[in-house]
Structures are given as C-alpha cells and as structure tokens.
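Here is how the chains run, residue by residue.
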Amino acid sequence: STQIRLAARPVGEPQDSDFEFVTTELPALGDGQVLLRTVYLSLDPYMRGRMSAAKSYAKPVEVGDVMVGATVCEVVESRSPKRGVGDLVLAYTGWQTYAVAEAHHTRRLDPGAAPISTALGVLGMPGFTAYAGLLEIGRPQPGETVVVAAASGPVGSAVGQIAKVKGARAVGIAGGAEKCRALLEEFGFDAAVDHRSATFRDDLEAATPDGVDVYFENVGGPVSAAVVRRLNKFARVPVCGLVANYNATEAPPGPDRLPGFLGAILTLSLTVRGFIQDEFVPTRHDDFLREMAGWLRDGSVRYREDIVEGLEQTPDAFRGLLVGRNFGKLLVRVGED
Ligand code: NDP
C-alpha cells in the first residue's frame, strides 16, 4: 500500500513536509477481515483538526500514523462471510491505496442505487450534517430566510436545497462569481452573495431584506460577523463549522466580537447551538437516507463533485479545501472505479 502519514503537526497551512509518502506491505488477513482497494478518498475540513494536538471532539492523528478519512473501496480479498470480492463498500481507511479492515466496519454500497462517490458527499456524512443540523436545530419555517456560507460545498449546497424543500428562502454565500452563479443556476438558491467582493456587506443586506431567521454557521470569521448583524428575533444558529479559523495560529485581528455577539443572543433571544453530526445518527440517519434519496430522484437536491486524480494530489487538494479552491464535494480518485 502507498500511504500518506502525518510527518509533523502543521503550523498554519499544512505544508508538503508535514506529510510523508510511505510504501508498505500490508499484514495477512485475519478472520473477519477484508483487503480493500481505495477507489475514492473523501477530503473534509475536519481533517485539519486531526492534524493538531489540540483537544477536540476526536482524537488527533499521531505523528507517524496514516491520515484518517472516509473512503469508498473495492473488496479485493475477503475472510468474512459478510463481504465478497468485488463488493463496493464505504470504509474509513484514510489516505492510502490499500488497507486491511474489519468487514463489520464497512457498509456495502449498491452501485445501482446511486453513484458510489455520493456515499462520501450528498448521501454521506456531509449531506447528513446539513440535514440534521438544519432540521433539528435550524428548523426553517415556510417563508423564513436561511443563510449559509461555503454554500457551493457539500454541506452548504444541501442546506440551501433542503431549506427550499421546506419552503424557506435560501441565501448562499460563496467565494467568487463562478460559485455564486452555480448557487443560483444549479442549486436553486434565491440569492447568492460573494464574500470576496468589496461590497459584500451591502450585498448581504440587499439579499436579506427581511433579515435572517436561520444562519447555518459553516465558516466563522468576517462572514459570520456580517450575518450576525442581520439576525432576526428568535433566529436559530446551528454552529456546524468554522473553516475560516482552521489554519489560524493566533486570535483574529480587530476588536473582540464576543461581547457584541452575547448581547445579540440576549436581546434577540437567539438559539445558538453547536453540534457534531454523530449526535443525530441514531435518531435521524435512516430518515436522511430515505428522504435524501427521494430528493435526488425528484430533482429537488442536486450535488456537485470536485474530483482530483491520484493519491499524490491529496496534500495539495486538502490545502485548497481550506481556502476555497475546491468547487463542490472534494474527492480524490485513488484508484479506478
Ligand atoms: P466545503 O467543500 O464547503 O469546503 C470549505 C469551504 O469553505 C471552501 O470551499 C470555501 O468556500 C469556504 N471557506 C474557506 N475559508 C473561508 C473563509 N475564510 N470565509 C468564508 N468561507 C470560507 O466543506 P464542507 O461542505 O465539507 O464543510 C463545510 C463546513 O461544515 C466546514 O466548516 C466543516 O468543518 C463543517 N462540518 C461540520 C460537521 C459537524 O458534524 N459539525 C460535519 C461536516 C462538516 P468559498 O470558496 O465559497 O469561500
């Protein structure tokens, strides 16, 4: 197997020298295990957290270990009655070309039901994050305004489209004109605002004439500060991610915004609630798979993928994810599908 191991803990943006490519022999299969060939590797913003030693909701990757990540794999050898050679599975085998895994840690995919890559995106963890965070915490009502940033990515694009299904007005924030066009034309948002534009704050105001009832927080930073000023009384803020901060090495410049934000929570009776998607898996994952499959079939949800070719592209593609170089769900095609 060719593996990418964490060679050093990145300071700021991850550098090539923070990763090490290693070719290694895999152990022989034990009972109940399968040998997996990676087809797609998912790259997700949370991986930046795993590269750091800082305490978080999941254990960091140790220096010298293979970087973690969800994958779609083909079973090439099996010592489990549960999985046959040729099966396609969802696994969590990380940044490598082959891996040995416990069969019961994999989920079989039906390539006839949906393209297998969607198990990492719209029908996978990011799609579920949008579904659970928006419906359990955001609870958009017909006619309300829902705002989401990183809106062309797998979480944000699903948030906007599910908001539309629920009869709300969807406003997406994205970096650049091309992504904003996709929000309107591909994903059916009612308005799109470019956070890189010099007129961002005015554009946001124009796009939210009735204020904001749900702000699905994906990014933090100046984008978040601008949206908070537009929140209505009783607005809900599911706090899903803060990607603007993930490479940060120090507190942002400028005034401390926390007192103002706490003041808004108080005077506007806001609900600000963080979540990690796992929390809702036991109660909502079956509903998600059924409903999302239906929305894909009837065209109310569409998705976009950004696929880079070859494991060797992984570190650079990951760097790009944190600064918006991806356009859609970022995947690495590690081997033939
Ligand atoms: P995306 O594919 O949307 O990639 C991240 C995007 O963030 C970039 O493409 C970029 O888009 C945008 N971005 C980066 N820096 C900034 C910035 N400074 N200001 C504004 N936007 C920025 O990622 P995902 O859809 O996979 O994830 C979206 C968010 O959801 C992340 O914060 C992630 O950590 C979080 N998440 C949380 C989960 C949970 O359980 N809580 C589970 C899964 C994801 P653009 O070019 O438009 O700026």
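What counts and how
Residues numbered from 1 in each chain as written. Predicted model: local features only at pLDDT ≥ 70, side-chain atom pairs only at ≥ 80, totals over all residues. Pairing = 2+ DSSP bridges. Helix = DSSP H or I, 4+ residues; strand = E, 2+ residues; numbered from the N terminus. Axes fitted to C-alpha atoms, helices over the stretch in contact; angles between N-to-C directions. Contact = placed C-beta atoms within 7 Å. Core = buried A, V, L, I, M, F, W, Y, C linked by C-beta atoms within 7 Å. Buried ≥ 20, exposed ≤ 12 C-beta atoms within 10 Å, placed from the backbone. Domains from an automatic or database assignment. Expected span 1.5 Å × (residues − 1). Near = placed C-beta within 6 Å. Nonpolar A, V, L, I, M, F, W, Y, C, P; charged D, E, K, R; others polar.

Participant: Looking at this structure, how should I read the sheet that holds strand 9 (residues 169-174)?
Facilitator: Backbone hydrogen bonds are what pair the strands of a sheet, in a parallel or an antiparallel way. With parallel pairing, six strands are arranged side by side in an open sheet as 10-9-8-11-12-13. A single partner strand is all that each edge strand has here, and the edge strands are strand 10 (191-194) and strand 13 (271-274). Averaged over all adjacent pairs, the angle separating strand axes in this sheet is 15°, with direction ignored. In terms of strand pairing, strand 11 (residues 212-216) meets strand 12 (residues 231-239) through two bridges, oriented parallel. Its bridge partner being in strand 12, Val212 is matched across the sheet by Leu231. With respect to the sheet, helix 5 (residues 200-207) is in contact with strand 9 and strand 10, its orientation differing from that of strand 10 by roughly 170°.

Participant: For this particular structure, what's the right way to read the nonpolar core?
Facilitator: When a protein is soluble and globular, its nonpolar side chains tend to lie buried together. Ranked by internal contacts, the top residues of the largest apolar core, which has 93 residues, are Val72, Tyr131, Val146, Val159, Tyr215 and Val332. Formed jointly, this core draws a minimum of three residues from each of two domains, domain 1 (2-121 + 304-333) and domain 2 (125-278). Discounting chain neighbours no more than four positions away, the residues touching Val146 are Gly138, Pro140, Ala163, Ala168, Arg169, Ala170, Val171, Asp213, Val214 and Phe216.

Participant: Explain unusual backbone geometry here, please?
Facilitator: Residues other than glycine predominantly adopt negative phi, and peptide bonds predominantly adopt the trans conformation. Phi angles above zero are rare outside glycine, and Arg139 is one such case at about 45°. Mapped onto the elements, Arg139 comes out in the loop between helix 2 (125-138) and strand 8 (145-149). Accessibility expressed as a C-beta count within 10 Å gives 15 for Arg139, which makes it partly exposed. For Ser269, which is not a glycine, the phi torsion comes out positive at approximately 55°.

Participant: Just to check I follow, could you spell out helix 2 for this structure?
Facilitator: Every α-helix carries 3.6 residues per turn, so stepping three or four residues along brings you back to the same face. For helix 2, spanning 14 residues, the distance from its first C-alpha to its last is 18 Å, which sits close to the expected 20 Å at 1.5 Å a residue. Taken across its 14 residues, helix 2 has 12 buried, putting it largely inside the fold. Positive backbone phi, at 45°, marks Arg139, one or two positions downstream of helix 2.

Participant: In this structure, what is going on with the site of the ligand? I would like to understand it.
Facilitator: Taken together, 33 residues are adjacent to the ligand, and Gly153, Gly175, Gly241, Ala244 and Gly324 come closest. Looking at the shell around the ligand, the elements with two or more residues in it are helix 2, helix 3 (154-165) and helix 6 (221-228). No other element matches helix 3, which puts three residues into the shell around the ligand. Split into classes, the residues belonging to the shell around the ligand amount to 19 nonpolar, 12 polar and two charged.

Honestly, it's all geometry; don't read function into it.
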